[in-house]
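Chain by chain, the residues:
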Amino acid sequence: MNKAITIFLIIVVIGLGIAVIFKLTQNQTPQKVNLQVTEYQDPVALKKVIDELEARNLKPATIFVGGELAKNNCQLIKDLDQKGYEIAAFGYALDENGEFIQLADLTREKQEEVIKNTKEDIENCLGHKINGFRSQRFSQNKDTIEIVKNLGFSWNGSFVVNWHPEASFIPYYSNDYGFYVVSIEGVKNTGYVLCDTATASFGKTAKEWRETIQEYFNIHQKEETPFITEFHPYFLTDNSDWWDEFIKLLDWFKKQNANYLTTQQLIDSSCLICGE
(Lines give C-alpha, C1' and ligand atoms only; values in the text may rest on other atoms or scores of the structure.)
Protein backbone atom coordinates (compact mmCIF):
# COMPACT_ATOMS: atom_id res chain seq x y z
CA MET A 1 0.00 0.00 0.00
CA ASN A 2 2.77 2.42 0.99
CA LYS A 3 4.65 1.50 -2.17
CA ALA A 4 1.61 2.26 -4.29
CA ILE A 5 1.14 5.63 -2.57
CA THR A 6 4.79 6.46 -3.11
CA ILE A 7 4.57 5.62 -6.81
CA PHE A 8 1.40 7.69 -7.10
CA LEU A 9 3.04 10.70 -5.43
CA ILE A 10 6.08 10.42 -7.70
CA ILE A 11 3.81 10.40 -10.75
CA VAL A 12 1.94 13.43 -9.44
CA VAL A 13 5.16 15.36 -8.79
CA ILE A 14 6.54 14.52 -12.22
CA GLY A 15 3.26 15.53 -13.82
CA LEU A 16 3.20 18.83 -11.95
CA GLY A 17 6.80 19.49 -12.98
CA ILE A 18 6.02 18.89 -16.64
CA ALA A 19 2.96 21.12 -16.38
CA VAL A 20 4.98 23.93 -14.79
CA ILE A 21 7.68 23.70 -17.46
CA PHE A 22 5.04 23.71 -20.19
CA LYS A 23 3.33 26.71 -18.65
CA LEU A 24 6.58 28.65 -18.35
CA THR A 25 7.41 27.88 -21.96
CA GLN A 26 3.98 29.01 -23.09
CA ASN A 27 4.32 32.26 -21.12
CA GLN A 28 7.66 33.20 -22.69
CA THR A 29 7.45 36.25 -24.90
CA PRO A 30 7.98 35.19 -28.52
CA GLN A 31 11.31 36.23 -29.99
CA LYS A 32 10.91 39.08 -32.48
CA VAL A 33 12.44 38.00 -35.80
CA ASN A 34 12.81 40.02 -38.99
CA LEU A 35 13.77 37.79 -41.90
CA GLN A 36 15.17 39.83 -44.77
CA VAL A 37 15.33 38.47 -48.32
CA THR A 38 17.45 40.30 -50.89
CA GLU A 39 17.10 39.60 -54.62
CA TYR A 40 18.09 41.71 -57.61
CA GLN A 41 18.35 39.28 -60.51
CA ASP A 42 16.53 35.95 -60.16
CA PRO A 43 12.72 35.98 -59.75
CA VAL A 44 12.54 32.18 -59.88
CA ALA A 45 14.97 31.89 -56.96
CA LEU A 46 13.03 34.54 -55.04
CA LYS A 47 9.77 32.64 -55.44
CA LYS A 48 11.44 29.38 -54.42
CA VAL A 49 12.71 30.88 -51.16
CA ILE A 50 9.40 32.58 -50.40
CA ASP A 51 7.55 29.31 -51.03
CA GLU A 52 9.68 27.67 -48.33
CA LEU A 53 8.90 30.46 -45.87
CA GLU A 54 5.21 30.17 -46.73
CA ALA A 55 5.23 26.39 -46.23
CA ARG A 56 6.41 26.88 -42.63
CA ASN A 57 4.43 30.05 -41.93
CA LEU A 58 7.68 31.95 -41.32
CA LYS A 59 6.16 35.24 -42.38
CA PRO A 60 5.81 38.06 -43.03
CA ALA A 61 9.32 39.09 -44.05
CA THR A 62 10.98 42.05 -45.73
CA ILE A 63 12.01 41.63 -49.35
CA PHE A 64 14.66 43.97 -50.79
CA VAL A 65 14.47 44.15 -54.57
CA GLY A 66 16.24 46.12 -57.26
CA GLY A 67 14.40 48.38 -59.67
CA GLU A 68 15.05 46.20 -62.71
CA LEU A 69 13.67 43.11 -61.02
CA ALA A 70 10.54 45.03 -59.99
CA LYS A 71 10.03 46.40 -63.52
CA ASN A 72 10.50 43.06 -65.24
CA ASN A 73 8.60 40.95 -62.69
CA CYS A 74 6.01 43.36 -61.42
CA GLN A 75 3.21 40.85 -60.93
CA LEU A 76 5.39 38.70 -58.67
CA ILE A 77 6.38 41.71 -56.57
CA LYS A 78 2.77 42.93 -56.37
CA ASP A 79 1.60 39.48 -55.30
CA LEU A 80 4.16 39.37 -52.50
CA ASP A 81 3.19 42.87 -51.40
CA GLN A 82 -0.48 41.89 -51.29
CA LYS A 83 0.35 38.82 -49.20
CA GLY A 84 1.77 41.08 -46.49
CA TYR A 85 5.46 40.99 -47.29
CA GLU A 86 7.20 44.35 -47.06
CA ILE A 87 8.85 45.37 -50.31
CA ALA A 88 11.90 47.60 -49.81
CA ALA A 89 14.53 49.11 -52.10
CA PHE A 90 17.89 47.43 -52.66
CA GLY A 91 20.36 50.08 -53.80
CA TYR A 92 23.17 48.73 -55.94
CA ALA A 93 25.30 49.54 -58.97
CA LEU A 94 27.19 47.28 -61.39
CA ASP A 95 30.27 47.86 -63.50
CA GLU A 96 30.64 46.85 -67.15
CA ASN A 97 31.50 43.29 -66.07
CA GLY A 98 28.41 42.94 -63.93
CA GLU A 99 30.33 43.24 -60.67
CA PHE A 100 29.00 45.26 -57.76
CA ILE A 101 30.26 48.82 -57.24
CA GLN A 102 29.97 50.15 -53.71
CA LEU A 103 27.52 53.05 -53.51
CA ALA A 104 29.94 55.00 -51.32
CA ASP A 105 32.45 54.93 -54.19
CA LEU A 106 30.04 56.69 -56.56
CA THR A 107 29.55 60.42 -56.97
CA ARG A 108 26.60 61.99 -55.19
CA GLU A 109 24.85 62.49 -58.52
CA LYS A 110 25.25 58.84 -59.52
CA GLN A 111 24.11 57.62 -56.10
CA GLU A 112 21.01 59.76 -56.30
CA GLU A 113 20.24 58.44 -59.78
CA VAL A 114 20.57 54.82 -58.63
CA ILE A 115 18.51 55.18 -55.46
CA LYS A 116 15.83 57.41 -56.98
CA ASN A 117 15.33 55.15 -60.00
CA THR A 118 15.10 52.07 -57.76
CA LYS A 119 12.48 53.70 -55.55
CA GLU A 120 10.43 54.91 -58.52
CA ASP A 121 10.55 51.56 -60.33
CA ILE A 122 9.27 49.71 -57.26
CA GLU A 123 6.60 52.27 -56.41
CA ASN A 124 5.38 52.39 -60.01
CA CYS A 125 4.97 48.63 -59.86
CA LEU A 126 3.21 48.54 -56.49
CA GLY A 127 1.16 51.68 -56.89
CA HIS A 128 2.08 52.96 -53.46
CA LYS A 129 5.07 54.34 -51.58
CA ILE A 130 7.66 52.14 -49.95
CA ASN A 131 9.34 52.84 -46.61
CA GLY A 132 12.66 51.02 -46.57
CA PHE A 133 16.07 51.12 -48.19
CA ARG A 134 19.30 49.19 -47.89
CA SER A 135 22.50 49.53 -49.84
CA GLN A 136 24.48 46.63 -51.25
CA ARG A 137 27.16 45.56 -48.75
CA PHE A 138 25.81 48.22 -46.37
CA SER A 139 27.91 50.74 -48.29
CA GLN A 140 26.98 54.34 -47.55
CA ASN A 141 28.48 57.73 -46.80
CA LYS A 142 27.16 61.17 -45.93
CA ASP A 143 25.77 61.63 -49.44
CA THR A 144 23.89 58.31 -49.28
CA ILE A 145 22.32 59.18 -45.96
CA GLU A 146 21.18 62.61 -47.18
CA ILE A 147 19.78 61.15 -50.40
CA VAL A 148 17.83 58.46 -48.51
CA LYS A 149 16.33 61.14 -46.25
CA ASN A 150 15.54 63.54 -49.10
CA LEU A 151 13.83 60.84 -51.16
CA GLY A 152 11.43 60.21 -48.30
CA PHE A 153 12.50 56.79 -47.07
CA SER A 154 11.36 56.34 -43.47
CA TRP A 155 13.96 53.70 -42.56
CA ASN A 156 17.44 52.70 -43.66
CA GLY A 157 18.74 49.18 -43.06
CA SER A 158 22.34 49.90 -44.10
CA PHE A 159 23.75 49.75 -40.58
CA VAL A 160 25.66 46.96 -38.86
CA VAL A 161 26.07 46.39 -35.14
CA ASN A 162 29.81 46.01 -34.38
CA TRP A 163 30.66 48.07 -37.50
CA HIS A 164 28.83 51.36 -37.15
CA PRO A 165 28.74 53.29 -33.85
CA GLU A 166 25.16 54.44 -34.49
CA ALA A 167 23.90 50.89 -35.09
CA SER A 168 21.57 49.31 -32.54
CA PHE A 169 19.84 45.96 -32.04
CA ILE A 170 16.60 47.90 -31.54
CA PRO A 171 15.40 50.24 -34.31
CA TYR A 172 15.30 53.93 -33.40
CA TYR A 173 14.54 57.25 -35.00
CA SER A 174 17.60 59.41 -35.66
CA ASN A 175 16.95 63.14 -35.57
CA ASP A 176 20.35 63.65 -37.18
CA TYR A 177 19.53 61.41 -40.14
CA GLY A 178 15.80 61.97 -40.39
CA PHE A 179 14.86 58.28 -40.61
CA TYR A 180 14.77 55.11 -38.53
CA VAL A 181 18.08 53.29 -38.16
CA VAL A 182 17.70 49.53 -38.66
CA SER A 183 20.73 47.31 -38.09
CA ILE A 184 21.76 43.78 -38.85
CA GLU A 185 24.53 42.31 -36.72
CA GLY A 186 28.16 41.77 -37.61
CA VAL A 187 29.53 38.48 -36.30
CA LYS A 188 32.00 39.38 -33.57
CA ASN A 189 35.69 39.36 -34.47
CA THR A 190 34.94 38.80 -38.16
CA GLY A 191 34.27 40.94 -41.20
CA TYR A 192 30.88 39.45 -42.07
CA VAL A 193 27.27 39.85 -41.00
CA LEU A 194 24.48 37.39 -40.25
CA CYS A 195 23.74 36.47 -43.85
CA ASP A 196 24.60 33.68 -46.26
CA THR A 197 26.69 35.44 -48.92
CA ALA A 198 28.78 37.37 -46.42
CA THR A 199 29.54 34.21 -44.45
CA ALA A 200 30.48 32.33 -47.62
CA SER A 201 32.76 35.15 -48.79
CA PHE A 202 34.91 34.51 -45.71
CA GLY A 203 35.32 30.83 -46.52
CA LYS A 204 32.75 29.49 -44.07
CA THR A 205 30.71 26.41 -44.91
CA ALA A 206 26.94 26.30 -45.18
CA LYS A 207 26.77 24.29 -41.95
CA GLU A 208 28.90 26.88 -40.14
CA TRP A 209 26.55 29.60 -41.41
CA ARG A 210 23.45 27.79 -40.16
CA GLU A 211 25.01 27.12 -36.76
CA THR A 212 26.06 30.76 -36.46
CA ILE A 213 22.52 31.96 -37.21
CA GLN A 214 21.11 29.59 -34.61
CA GLU A 215 23.71 30.66 -32.05
CA TYR A 216 22.95 34.35 -32.47
CA PHE A 217 19.20 33.72 -32.46
CA ASN A 218 19.58 32.07 -29.05
CA ILE A 219 21.70 34.96 -27.79
CA HIS A 220 19.08 37.50 -28.84
CA GLN A 221 16.32 35.40 -27.34
CA LYS A 222 18.15 35.31 -24.01
CA GLU A 223 18.82 39.06 -24.13
CA GLU A 224 15.27 39.77 -25.36
CA THR A 225 16.43 41.84 -28.32
CA PRO A 226 15.13 41.57 -31.90
CA PHE A 227 16.90 39.23 -34.29
CA ILE A 228 17.56 40.05 -37.96
CA THR A 229 19.12 37.80 -40.57
CA GLU A 230 19.30 38.00 -44.36
CA PHE A 231 18.89 35.48 -47.20
CA HIS A 232 19.93 35.78 -50.86
CA PRO A 233 17.81 33.50 -53.07
CA TYR A 234 20.13 33.70 -56.11
CA PHE A 235 22.93 32.34 -53.94
CA LEU A 236 21.05 29.75 -51.88
CA THR A 237 19.35 28.12 -54.86
CA ASP A 238 22.60 27.86 -56.81
CA ASN A 239 24.38 25.51 -54.37
CA SER A 240 22.88 22.29 -53.02
CA ASP A 241 24.88 22.36 -49.77
CA TRP A 242 23.69 25.85 -48.95
CA TRP A 243 20.13 25.06 -49.95
CA ASP A 244 20.07 21.96 -47.73
CA GLU A 245 21.36 23.94 -44.75
CA PHE A 246 18.85 26.71 -45.49
CA ILE A 247 16.01 24.16 -45.31
CA LYS A 248 17.41 22.81 -42.03
CA LEU A 249 17.53 26.35 -40.68
CA LEU A 250 13.92 27.03 -41.65
CA ASP A 251 12.80 23.77 -40.04
CA TRP A 252 14.64 24.84 -36.88
CA PHE A 253 13.06 28.31 -36.97
CA LYS A 254 9.62 26.70 -37.19
CA LYS A 255 10.20 24.99 -33.82
CA GLN A 256 11.18 28.22 -32.06
CA ASN A 257 8.90 30.48 -30.07
CA ALA A 258 9.12 33.43 -32.44
CA ASN A 259 7.05 36.26 -33.86
CA TYR A 260 7.96 37.01 -37.48
CA LEU A 261 7.71 40.67 -38.47
CA THR A 262 8.49 42.90 -41.40
CA THR A 263 11.06 45.60 -40.74
CA GLN A 264 8.33 48.22 -40.56
CA GLN A 265 6.40 46.11 -38.06
CA LEU A 266 9.57 45.67 -36.02
CA ILE A 267 10.05 49.44 -35.97
CA ASP A 268 6.44 50.00 -34.92
CA SER A 269 6.67 47.42 -32.14
CA SER A 270 10.06 48.08 -30.60
CA CYS A 271 11.70 51.36 -31.60
CA LEU A 272 13.74 53.06 -28.87
CA ILE A 273 12.90 56.62 -29.94
CA CYS A 274 9.91 56.88 -32.22
CA GLY A 275 9.45 59.75 -34.63
CA GLU A 276 6.26 61.58 -35.41
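Small disclaimer: the values here were computed from a predicted structure and weren't measured.

Caption draft 1: Fine view of the pairing of strand β3 (residues 86-91). Of all 6 residues in β3, 6 are buried; the element is thus mostly enclosed. Pairing of strand β2 (residues 62-65) with β3, which is carried by 4 bridges, proceeds in the parallel orientation. Residue F64 lies in a different strand from β3, and its bridge partner there is A88. Two elements, β3 and strand β6 (residues 132-135), share 3 bridges in a ladder whose sense is parallel. By the bridge assignment for β6, A89 is matched with F133.

Caption draft 2: Quick look at helix α2 (residues 43-55). Relative to the 18 Å expected for 13 residues at 1.5 Å per residue, α2 spans 18 Å between its end C-alpha atoms, a close match to the ideal helical length. Residues A45, L46, V49, I50 and L53 constitute the buried set of α2. The buried residues of α2 all sit within an arc of 130° when viewed along its axis, so they share a single face. Facing away from the buried side of α2, by more than 90 degrees, are the exposed residues V44 and A55. Packing partners of the buried residues in α2 comprise β1 (31-39), β2, α3 (67-72), α4 (74-82), α9 (233-236) and α10 (240-255). Its side-chain oxygen at 3.1 Å from the backbone nitrogen of V44, D42 defines the N-terminal cap of α2.

Caption draft 3: Structural detail: the pattern of salt bridges. Scanning all chains against the criterion turns up 12 salt bridges. Its salt-bridge partner being K47, residue D51 comes within 3.1 Å of it at the nearest N-O pair. You can see D51 and its partner K47 sitting in helix α2, 4 residues apart, about one turn around the helix. Judged by relative accessible area, K47 falls into the partly exposed class, the value being 43%. Taking the shortest distance from any N to any O, the salt bridge between K59 and E54 comes out at 3.0 Å. A residue is classified by how much of its surface remains accessible, and K59, at 31% relative accessible area, is partly exposed. Through salt bridges that share partners, E52, R56 and D251 make up one connected network.

Caption draft 4: Seen up close, the nonpolar core. With 78 residues, the main nonpolar core has L35, L46, I63, F231, F246 and F253 as its most contacted residues. In terms of residues, this core owes the most to one element, α10, which gives 8 residues. Sequence-distant contacts of F231, that is, excluding residues within four places in its chain, are made with L35, Q36, V37, T38, D196, W209, L236, F246, L249, L250 and F253.

Cut-offs used in this document
- Residues numbered from 1 in each chain as written.
- Predicted model: local features only at pLDDT ≥ 70, side-chain atom pairs only at ≥ 80, totals over all residues.
- Heavy atoms only, no water.
- Buried < 20%, exposed > 50% of the residue type's maximum accessible area, 1.4 Å probe, protein only.
- Helix = DSSP H or I, 4+ residues; strand = E, 2+ residues; numbered from the N terminus.
- Pairing = 2+ DSSP bridges.
- Expected span 1.5 Å × (residues − 1).
- Arc of directions from axis to C-beta.
- Contact = heavy atoms within 4.5 Å.
- Polar contact = N/O pair within 3.5 Å; in protein donor to acceptor, adjacent residues only side chain to side chain.
- Salt bridge = Lys/Arg side-chain N within 4 Å of Asp/Glu carboxyl O.
- Core = buried A, V, L, I, M, F, W, Y, C linked by side-chain atoms within 4.5 Å.

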